[in-house]
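Examining the three-dimensional arrangement
For reference, the chains in residue letters:
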Amino acid sequence: MSTPEEVPAPPSKTQRKRAMEELQALGEELVELAADRLKKIALPEGLLAAVREARRMSRHDDARRRQLQYIGRLMRDVDPAPIRHALAVVRGESAEETGKLHRLERLRAELLADEKVIYSIASTSPSIDLQRLRSLRRAALLEQAQGKPPRSYRVIFQLLKELQEGDTIVDDNDEHEPR
């Protein structure tokens, strides 16, 4: 026979209410996301439809409040951990995502310092347009020298990021000689 100490007490009404409010806040965060970022998060179809409906509501009135409550209700049937993780990645709070961005920044800096890095990128990403990458590198160096806004510098980063998202770039430290 089990003693009363072994049986965990059910959550109090306050704890349940706090948990529901957290889920509703998580749902509200989903509603506020940009459409392209929302597509990257795996959501059940019913929840996704409710989020899209809330996004269409332009006025912040009772109907929107009820829709957000409904989203919170739907969130109770879903494991919120993967959604929280995906939102952290989108917000840039994920240590893994931050590390990836730092590696890309290092790779871009090495590319600007040495043109031979292009060949290591090409070996891991055969589909890359080398001519475009070379011209972006030259333009970025010229922008730096002339003190112009770093447009090409940013385009290089976006290009490298797209390659990484396609999982074609491996860790840049393995690809070329250390300096």
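Here is a short report on the structure shown in this document. (Residues numbered from 1 in each chain as written. Predicted model: local features only at pLDDT ≥ 70, side-chain atom pairs only at ≥ 80, totals over all residues. Heavy atoms only, no water.)

**Concerning the pattern of salt bridges**
Under the convention used in this document: The salt bridge criterion pairs a side-chain nitrogen of Lys or Arg with a carboxyl oxygen of Asp or Glu, the two atoms within 4 Å. Only DSSP runs of H or I with at least four residues qualify as helices, and only runs of E with at least two residues qualify as strands; both kinds are numbered from the N terminus onward. Buried, partly exposed and exposed residues are distinguished by accessible area as a fraction of the type maximum, computed with a 1.4 Å probe on protein chains only: under 20%, between the cut-offs, and over 50%, respectively.
Applying the stated criterion across every chain, the model contains six salt bridges. We note a salt bridge from Arg 65 to Asp 62, for which the minimum N-O separation is 3.6 Å. Of the two residues, Arg 65 and Asp 62 are both situated in helix α4 (residues 62-75); the distance of three residues between them amounts to about one turn of the helix. On the accessibility criterion, Arg 65 (40% relative accessible area) is partly exposed. Relative accessible area serves as the criterion here: at 46%, Asp 62 is assigned to the partly exposed category.

**Regarding helix α8 (residues 130-146)**
For clarity, the cut-off: How far a helix is expected to stretch is found by multiplying one less than its residue total by 1.5 Å. What the arc describes is the spread of directions from the helix axis to the C-beta atoms. The contact criterion used is simple: two residues touch if any of their non-hydrogen atoms lie within 4.5 Å.
Helix length check: α8 (17 residues) gives 24 Å between terminal C-alpha atoms against 24 Å at 1.5 Å per residue, within 8%. The complete set of buried residues in α8 reads Leu 133, Leu 136, Arg 137, Ala 140 and Glu 143. The arc that holds the buried residues of α8, viewed along the axis, is 130°, so those residues lie on one side. Exposed residues on α8 whose side chains face more than 90 degrees from its buried face are Gln 131, Arg 138 and Ala 145. Of the surrounding secondary structure, the elements contacted by the buried residues of α8 are α6 (95-113), α7 (117-124) and α9 (151-165).

**Observations regarding the nonpolar core**
The cut-off we apply is this: The definition of a nonpolar core used throughout is a set of buried Ala, Val, Leu, Ile, Met, Phe, Trp, Tyr and Cys residues joined through side-chain atoms within 4.5 Å.
In this structure, Leu 30, Leu 43, Leu 47, Ile 71, Met 75 and Ile 83 are the most contacted members of the largest nonpolar core, which totals 22 residues. For this core, the elements supplying multiple residues, two or more each, are α1 (13-32), α3 (45-56), α4 and α5 (80-91). No other element matches the five residues that α3 contributes to this core. Excluding anything up to four places from it in sequence, Met 75 contacts Leu 23, Leu 26, Gly 27, Leu 30, Leu 47 and Ile 83. Leu 112, Ala 122, Ile 128 and Ile 156 belong to the second-largest nonpolar core, a separate cluster that totals 17 residues.

**A few points about the packing of α7 against α8**
Short version of the rule: For helices, the axis comes from a line fit to the C-alpha atoms of the stretch in contact; other axes are also lines fit to C-alpha atoms, and the angle between any two N-to-C directions lies between 0 and 180 degrees. Helix crossings get a hand from a simple test, with the near helix turned counterclockwise from the far one by less than a right angle marking a left-handed crossing and a clockwise turn marking a right-handed one. When residues are sorted by character, Ala, Val, Leu, Ile, Met, Phe, Trp, Tyr, Cys and Pro go into the nonpolar class, Asp, Glu, Lys and Arg into the charged class, and all the rest, Gly among them, into the polar class.
Where α7 contacts α8, the axes come no closer than 11 Å and their chain directions differ by 150°. In this structure, the crossing between α7 and α8 has a hand that is right-handed. Contacts between α7 and α8 involve Ile 118, Tyr 119, Ile 121 and Ala 122 from the former and Leu 130, Leu 133, Arg 134 and Arg 137 from the latter. Among the residues making up the contact of α7 with α8, the classes are represented as six nonpolar, no polar and two charged.

**Side note on the environment of Leu 160**
Within the fold, Leu 160 resides in helix α9. Taking the C-alpha atoms as reference, Leu 160 lies 9.0 Å from Ile 121; in sequence the two are 39 residues apart.

**Side note on the environment of Glu 29**
Along the chain, Glu 29 falls in helix α1. Setting aside anything within four residues of it in sequence, one finds Glu 29 in contact with Leu 87 and Arg 91.

**Digging into the packing of α1 against α3**
The relative placement of two packed helices is expressed as an angle between their axes plus a distance between the axes. At their nearest, the axes of α1 and α3 sit 9 Å apart, and the two run at 65° to each other. Considering how the two elements wind past one another, α1 and α3 form a crossing that is right-handed. Of the residues in α3, those in contact with Leu 30, Val 31 and Glu 32 of α1 are Val 51, Ala 54 and Arg 55. Residue classes in the contact of α1 with α3 are distributed as four nonpolar, no polar and two charged.

**A look at the environment of Ile 118**
Examined against the element boundaries, Ile 118 turns out to sit in helix α7. Exposure remark for Ile 118: the relative accessible area of 0% places this residue in the buried category. Put simply, Ile 118 and Ile 128 are ten residues apart on the chain and 9.8 Å apart in space, counted from C-alpha to C-alpha. Every residue in contact with Ile 118, bar those within four places of it in the chain, is listed here: Leu 111, Leu 130, Leu 133, Arg 134 and Arg 137.

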